[in-house]
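# Observations on chain architecture
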Protein chains: 2
Amino acid sequence: MADNRFVVFTPSGKRGSFPNGTAVLDAARALGVDLDSVCGGRGLCGRCQILASEGEFAKHGITSTTANLTDVGETERKYADRRGLKPKHRLGCQACIQGDLVIDVPPESQVHKQVVRKRAEARPITLDPVVHLHTVDVTEPDMHDPTGDWQRVRVALEDQWDLAIDGVDNSVLHRLQKTLRDGDWTVTVAVRQGHHAVGIYPGYHARALGIAVDVGSTTIAGHLCDLTTGDVLASVGRMNPQIRFGEDLMSRVSYIMMHPGAENELTDTVREAVENLATEAVKEAAKKAEVAVADIHEVTVVGNPVMHHLFLGLDPTELGGAPFALATDAAITTRADELGWSFNSGARVYTLPCIAGHVGADTAAVILSEAPHTMDAMTLIVDVGTNAEIVLGNKERLLAASSPTGPAFEGAQISCGQRAAPGAIERVRIDRETLEPRFKVIGCDLWSDEDGFAEAVAGIGINGVCGSGIIEVIAEMYLAGIIDQDGAFNGTMTRTSARVQETGRSFSYLLHAGEPELRIYQTDVRAIQLAKAALYAGARLLMDRMGVDRVDRIVLAGAFGSQIDVTYAMVLGMIPDCDLVHVSSAGNAAGTGARIALLNNDARREIEDLVRRVEKIETAVEPNFQDHFVAAMAVPHKTAPYPNLANAVDLPARSQPASDSPGRRRRRKRG
Amino acid sequence: MADNRFVVFTPSGKRGSFPNGTAVLDAARALGVDLDSVCGGRGLCGRCQILASEGEFAKHGITSTTANLTDVGETERKYADRRGLKPKHRLGCQACIQGDLVIDVPPESQVHKQVVRKRAEARPITLDPVVHLHTVDVTEPDMHDPTGDWQRVRVALEDQWDLAIDGVDNSVLHRLQKTLRDGDWTVTVAVRQGHHAVGIYPGYHARALGIAVDVGSTTIAGHLCDLTTGDVLASVGRMNPQIRFGEDLMSRVSYIMMHPGAENELTDTVREAVENLATEAVKEAAKKAEVAVADIHEVTVVGNPVMHHLFLGLDPTELGGAPFALATDAAITTRADELGWSFNSGARVYTLPCIAGHVGADTAAVILSEAPHTMDAMTLIVDVGTNAEIVLGNKERLLAASSPTGPAFEGAQISCGQRAAPGAIERVRIDRETLEPRFKVIGCDLWSDEDGFAEAVAGIGINGVCGSGIIEVIAEMYLAGIIDQDGAFNGTMTRTSARVQETGRSFSYLLHAGEPELRIYQTDVRAIQLAKAALYAGARLLMDRMGVDRVDRIVLAGAFGSQIDVTYAMVLGMIPDCDLVHVSSAGNAAGTGARIALLNNDARREIEDLVRRVEKIETAVEPNFQDHFVAAMAVPHKTAPYPNLANAVDLPARSQPASDSPGRRRRRKRG
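Computed from a predicted structure; not experimentally measured. Sequence order sets the numbering: in each chain, residues are counted from 1 along the sequence as written. Throughout, the order in which chains and ligands are written sets their labels, letters from A for the former and numbers from 1 for the latter. For a predicted model such as this one, the threshold for reporting local features is a pLDDT of at least 70, and the threshold for listing and counting side-chain atom pairs is 80 or more; totals across whole chains, interfaces and linings nevertheless cover every residue. Hydrogens and water molecules were not included; the side-chain quantities draw on all heavy atoms of the structure.

### Re the overall build of chain A
Of regular secondary structure, chain A possesses 17 helices and 31 strands. Along the first, second and third principal axes, the C-alpha set of chain A runs to 100 × 65 × 55 Å. Contacts in chain A between residues far apart in sequence, at least 24 positions, make up 66% of those at least 6 positions apart. The Shrake-Rupley method, run with a 1.4 Å probe sphere, supplies the accessible areas, and residue values consider only the shown protein chains as cover. In the structure as shown, chain A presents an accessible area of about 26100 Å², 49% of it carried by carbon and sulfur atoms. For the purpose of charge, His is not counted, nor are the chain termini; Lys and Arg are scored as positive and Asp and Glu as negative. Lysine's charge is taken at NZ, arginine's at CZ, aspartate's at CG and glutamate's at CD. The centroid of the 68 positive side-chain charges in chain A is displaced by 3 Å from the centroid of its 87 negative side-chain charges. By definition, any uninterrupted DSSP run of H or I lasting at least four residues is a helix, any uninterrupted run of E lasting at least two residues is a strand, and each is numbered from the N terminus. Whether two residues touch is decided by their heavy atoms; if any such pair falls within 4.5 Å, the residues are in contact.

This is the structure we're talking about:
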């Protein structure tokens, strides 16, 4: 027809002819172009912004010009006055086609936009949340057509948004009639999975929030996200109040075994903490944006098996002993009100699946975040805590196991150990000749040998050594020849420095002479050797099972993983040899995985499928575990080669007493 | 194969060959024969009882004999000792085939058995409840195969019962691990709709209950049923405690309008009453059977739109005024714990759909019970209360309306009126010559002119006249010529009997001279005329819309409908003319409909489809309603013919003052 105009959308390349005067949004919808809208063409939400290109497009045989869009009208001007429009940006629902056009849909106007992550190597998250908002005009009731109000809302969603709604929350029905009348028969409906109504607001409403929560044994962390943009609006954390029932997981499980019914108390405690965390996150976000707890529609939760079970109200007693049976290894979706949460009864809480009795939903989330199953590279992921969860694999195959490292890495069982908190030593260097240490403490940016250090730490104190500090001091003791490959003190060093002293039947190294005195004993070295041997043996077991001798990539996950220097982890032999360029720290990867599951619907199917495919290895029943464990007691290892590490660090000569060959004295480079 | 035996099942006629030694239950399952089992072949539930026929079956070319079943073994003997086995009955899971057989599956062994109803004309209910019990043996957990306990239950249900379970209640997961271990890895799972687990019991468990509830404005009635047999175990009733917020519906809606938030109080009140009713029903049933409230898996609820909304926690305010918009006209399923019920959190509560703002889920249930949509006969159903719900139709088409009869039929607005309760006059006869009345009161089987009556009612009193008594006294006054067709007193009758007196500017009839004196005034006659005219006009409006002059069948539903004598209802012109043989009282048809929805899954789809197809007529906006109403004020009607009634009863001559033509004095026959 003569009146038809030819339109090409970029970047999709979708194209078609439309009658003169067609709104750009309508044209985009007709072609299936990914152009967002909440208000449904009312010029209120500003989600459908587009740009018209200027120029000749020989490929399409058209000349596009901004003049081929209708002029800015009343509605669009009001929107620009109220919320601003960037230069050349037009509202797709208001601008109408009146000539051939090439129309660009910028990323922020796409429903399925990419959410870029901070770490360069991490894959971006494609935004595709489970909840979308849709504003509709609803037909008023009529004596001659006595359908229910809800049925007319359904018809409106079908007519105006092409949605087939087959379910509705009772909480929506409860406020439906008042909301319809308050909104003068215009309402915004929150629709979950494209077919179930979970929220309703009078008139136009544009805000939908979600929160991704990582429930750790010690801390609970949450990221509040805008479901329509993918932006993190606030990140908050707090201690897990269950600590009062026991510091570590097994002591909490023991508490429950000894106090039948206490599981309910622990469940209430953790649920209340997560609810408070959500409220706090909204309060935090409210400093910059207009948000309310009632806008939280979706929550994702990850945690280790015991936290997972307690959060869901499942008695974790079975996880306290062999065969460590999970109640369920499926993902679970509950309604917020079932958890006793009042902020939005229609909010859904999606708990990621556990993998096995020792490998939880947190590890599932780490897999989602680090995506070994999408890569060719053979990837080893270790998440170190009281247990180390270990994942090995690539796109072909994934293995997972848990290894009983004990709490040494967290500073427990170490004479001078403490939690990572202000006043804890976190970095250590030992002079190869004088054996004098220098260190950094949490809460102070200076090294201990820098000017002003004493004043800077006066208010903090030097109270102990945290996990990363213990890794470094023992690795440095090895590199300086104070201990040998077997972890034994070199008694001759007492002659080199007064810091090495005979203590009882063994020796010790004085790290800090203050109050308290911080000293590394032979037992401390042994505790770390046991812990790291368990970790290494677990990784090695998976490598055996996979049939590989080396890995292409190592990711250290978790709070501890983000604190330690990966080079020292390798010096100590916590992890197998790997090109250090490909050893990275992923920070709170479990929290990131929870965020991915929050923002991307497909990621849920992905992880639910994956956990079923992951091969679970139970280290406790593997006959080779003990052999690997014994061999891994040495620093870094009795037999395994570390060619990449040897290239990066001056290692003492192998299998020789460190005292005989203290290594070159060249200072090691830091990355 | 030589070892195969030929087996025919009756009454299905299904047949097949099976290896020697096949259990009858396994053969039946392989052929898809409708043979029940809960325990899954353990010889515990006794649901799979069968009988082997003796004789030659030329048609199949076999000779069947009980000897072709294996002998009664240990398990079967134990069952017989414990619970008894009728002569020749065998457990299908224990008896094995060792020769050709004709095997009869008696009705009580069929899953889809027919539940016969008391009224001969009512269609039987095919048992097909939404919840079934299945006993399974579950694989124990194993360190080498760390699947969740729930996943192994799923596999067991799939392997042993061919069920694909895709959902599980959190409450089931919560007690799953303990139940599995308490039952030593044998559990019975309650499965809803064949795919969702709603309950779990250790070991073998055979009892599943449901309760059908009719929430009326005045009374709440419940039928507790065994879902596995369809038997009613107990029927209980109680007053609706909402009465304290207002006697009738509109006064309760007004209360809510004047006390915002009070809807929650009314909701809590009715939910608590239904929960208590369920508990009471179980207590009642427990006198005869081993039942517990935790065995209630399903509840069905019906009620008028206001009761329906309040029960579901929906504010009924919109139902208090035009256009009387329902929040929803769909059926709603909730979990018991969402209603605050503690008896079994996994129980589902299915509320039947409302038809329109004045025509509720109770009417939907009446349709399900009386099934006009399955018949050729043009059926009129009237359910009389403060409003009369009227349904007209057959298998081709269904119409429904509500007519504002007011509360006169319930004894309100009548000077001597009262609720149907002991001491209320419910039956009245007036001698055509002497005008002397005789009557019966509720709580006494004697007529007032029979010997011993005075003594019998001494403890009860004669306190007033209930609805059915009012219908009868006014109809009898008409038949005796005390009032004419227009409802006006015939003043000349004061000369016939002192019972007819001049009172103020009109007359009255003395029904009973005791304390209190019970007298029918002109205003009482007018109140009944108004009520019956509204009812008749509603019915007539539907007949107009349907294009019919007469109906084939009339059903009077509801408590009132079951109390009144249908002949008197017709004398008064409450209902149109119809062959009296085809006018019946259905009792609590709404409660029966709720029971059908409880016992038969398909009935739910049936009524959900039907309510959408029912054409809703709003009497208030129908221009002809007023004309019909005015014409229907006469007794029985100004113009409509009543040929069937005239054949059955001696009617006074038409359109003539009753005093001129008091009719023949022959006594009317009673049915």
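### Thoughts on the interface of chain A and chain B
The interface of chain A with chain B comprises 42 residues on the first partner and 42 residues on the second. Computed with a 1.4 Å rolling probe, the buried area is the accessible surface lost when two parts are put together, summed over both parts. For the pair chain A and chain B, the two sides together bury roughly 3300 Å², of which 55% comes from carbon and sulfur. If you sort the residues of chain A by the area they bury against chain B, M143(A), P146(A) and Q177(A) come out on top, with a joint share of 20%. We define a salt bridge as a side-chain nitrogen of Lys or Arg found within 4 Å of a carboxyl oxygen belonging to Asp or Glu. The interface formed by chain A and chain B holds four salt bridges in total. Salt-bridge contacts for R335(A) lead to E338(B); the nearest nitrogen and oxygen are separated by 3.0 Å. Nitrogen and oxygen atoms within 3.5 Å of one another constitute a polar contact, given that in protein one can donate a hydrogen and the other can accept it, and given that sequence-neighbouring residues count only through two side-chain atoms. Taken together, the connections running from chain A to chain B amount to 22 residue pairs in polar contact (both at pLDDT 80 or more).

### Some thoughts on the pattern of salt bridges
Oppositely charged side chains can pair when the atoms bearing their charge come close. Residues and elements named next belong to chain B. The tally for this structure, following the rule as stated, stands at 66 salt bridges over all chains. One salt bridge in this structure joins K287 and E284, with 3.1 Å as the shortest N-O distance. Judged by its relative accessible area of 63%, K287 is exposed. We classify E284 as partly exposed; its relative accessible area is 36%. For every residue, the accessible area obtained with a 1.4 Å probe (protein chains only) is divided by the maximum for its type, and the residue is called buried under 20%, exposed over 50%, and partly exposed between those limits.

### Re the domain arrangement of chain A
By a widely used convention, the size of an interface equals the accessible area lost when the partners come together. Each domain of chain A was delimited in the assignment, giving domain 1 (4-109), domain 2 (131-202), domain 3 (369-405 + 528-648) and domain 4 (408-526). For domain 2 of chain A and domain 4 of chain A, the distance between their C-alpha centroids amounts to 65 Å. Where each domain starts and ends follows an automatic or database-derived domain assignment.

### Observations regarding the relation of the copies chain A and chain B
Between the two copies of the chain lies a relationship made up of a rotation around an axis and a movement along it. We place the copies in one frame by least squares, fitting the C-alpha atoms of every residue whose pLDDT is at least 70 in both. With an axial shift of 0.0 Å and an RMSD of 0.1 Å, the rotation relating chain A to chain B amounts to 180 degrees. These values place the two chain copies in the arrangement generated by a two-fold rotation axis. Minimal C-alpha separation from the rotation axis in chain A is found for E338(A), amounting to 4.2 Å. Looking at the interface residues of chain A, 100% of them are also at the interface in chain B, so both copies use one shared face.

### Quick look at the pairing of strand β15 (residues 219-226) of chain B
All names here are of chain B. With six of eight residues buried, β15 is to be regarded as a mostly interior element. When DSSP finds two or more bridges between a pair of strands, those strands are recorded as paired. Summarising the sheet, strand β14 (residues 209-215) and β15 pair through seven bridges and their orientation is antiparallel. The residue of β15 that forms the bridge with G210 is C225. Linking β14 to β15, which pair antiparallel, is a turn of three residues. As judged from the seven bridges shared by β15 and strand β16 (residues 232-239), these two strands associate in the antiparallel manner. Paired with A221 across the two strands is G237, which belongs to β16.

### Focus: the packing of helix α3 (residues 149-161) of chain A against helix α4 (residues 170-182) of chain A
When two helices pack together, their arrangement is captured by the angle between the axes and the distance separating the axes. Residues and elements named next belong to chain A. Interaxial angle, 0 to 180 degrees, is taken between N-to-C directions of lines fitted to C-alpha atoms, where a helix line uses only the stretch in contact. Two elements in contact, α3 and α4, have axes whose closest approach is 10 Å; the angle formed by their N-to-C orientations is 75 degrees. As the angle between them shows, α3 and α4 are arranged roughly perpendicular. Every residue of α4 that contacts α3 at D149, W150 and V153 is listed here: L173, L176, Q177, L180 and R181. Angular relationships are summarised with four words: roughly parallel below 35 degrees, roughly antiparallel beyond 145, roughly perpendicular across 65 to 115, and oblique for the angles in between.

### Observations regarding the state of the cysteines
Residue and element names in this part refer to chain A. Two cysteine sulfur atoms make up a disulfide if the distance between them is within 2.5 Å. Counted by the stated rule, this structure contains zero disulfides over all chains. Cysteine C48 shares no disulfide, and the gap to the nearest cysteine sulfur, in C93, comes to 3.8 Å. Here C48 falls in the buried class, since its relative accessible area comes to 2%.

### Points about unusual backbone geometry
Residues and elements named next belong to chain A. Between E515 and P516 the backbone carries a cis peptide bond, its omega angle lying at 5 degrees. With respect to the helices and strands, P516 occurs in the loop between β27 (506-512) and β28 (518-521). Between V635 and the following residue, P636, the backbone shows a cis peptide bond with an omega angle of -15 degrees. A positive phi angle is found at Q413, which is not glycine, with a value near 65 degrees. The topology assignment puts Q413 in the loop between β22 (398-403) and β23 (424-430).

### Some points on helix α15 (residues 601-613) of chain B
Since the α-helix turns once every 3.6 residues, residues separated by three or four places project in the same direction. Residues and elements named next belong to chain B. With 13 residues, α15 ought to run about 18 Å at 1.5 Å a step, and its terminal C-alpha atoms sit 19 Å apart, in line with that. For α15, every residue scored as buried is listed here: N601, A603, R604, I607, E608, L610 and V611. Between the side-chain oxygen of the N-cap and the backbone nitrogen of D602 there are 3.0 Å, and the N-cap of α15 in question is N600. Between the first and last residue of a helix there are one fewer steps than residues, each counted as 1.5 Å, and that sum is the expected span.

### Description of the confidence of the model for chain A
Reading predicted coordinates in detail is not appropriate for stretches of low pLDDT. Each residue gets a pLDDT score, which is the predictor's confidence in that residue and runs from 0 to 100. Looking at chain A, pLDDT values average 92 and 97% of them are 70 or higher. In the predicted complex, the global pTM is 0.88; the interface-specific ipTM is 0.86.

### Details of the packing of aromatic side chains
All names here are of chain A. We call Phe, Tyr and Trp rings a pair once their centres come within 6.5 Å, taking the six-membered ring for Trp, and we label the pair stacked below 30 degrees between planes, edge-to-face above 60, and tilted otherwise. Within the structure shown, the criterion is met by 14 aromatic pairs over all chains. Every member of this aromatic cluster is reached through a ring pair, and the members are F311, W341 and F343. Residue placement shows R29 over the ring face of W161; its charged tip is 4.5 Å from the ring centre. Whether a charge lies above a ring is judged from NZ of Lys or CZ of Arg, which has to be within 6 Å of the ring centre and within 35 degrees of the ring normal. Between R604 and the ring centre of Y350, over which it is positioned, the NZ or CZ distance is 4.3 Å.

### Regarding the sheet that holds strand β31 (residues 615-618) of chain A
Residues and elements named next belong to chain A. In spatial order, the strands read β30-β29-β20-β21-β22-β31; together these six strands make up an open sheet with mixed pairing. Strands at the two margins of the open sheet, each flanked by one partner only, are β30 (583-587) and β31. For this sheet, the mean inter-axis angle between neighbouring strands, taken without regard to orientation, is 20 degrees. When strand β21 (residues 388-393) meets β22, the two strands line up antiparallel, connected through six bridges. Bridge pairing in β22 places E389 opposite S402.

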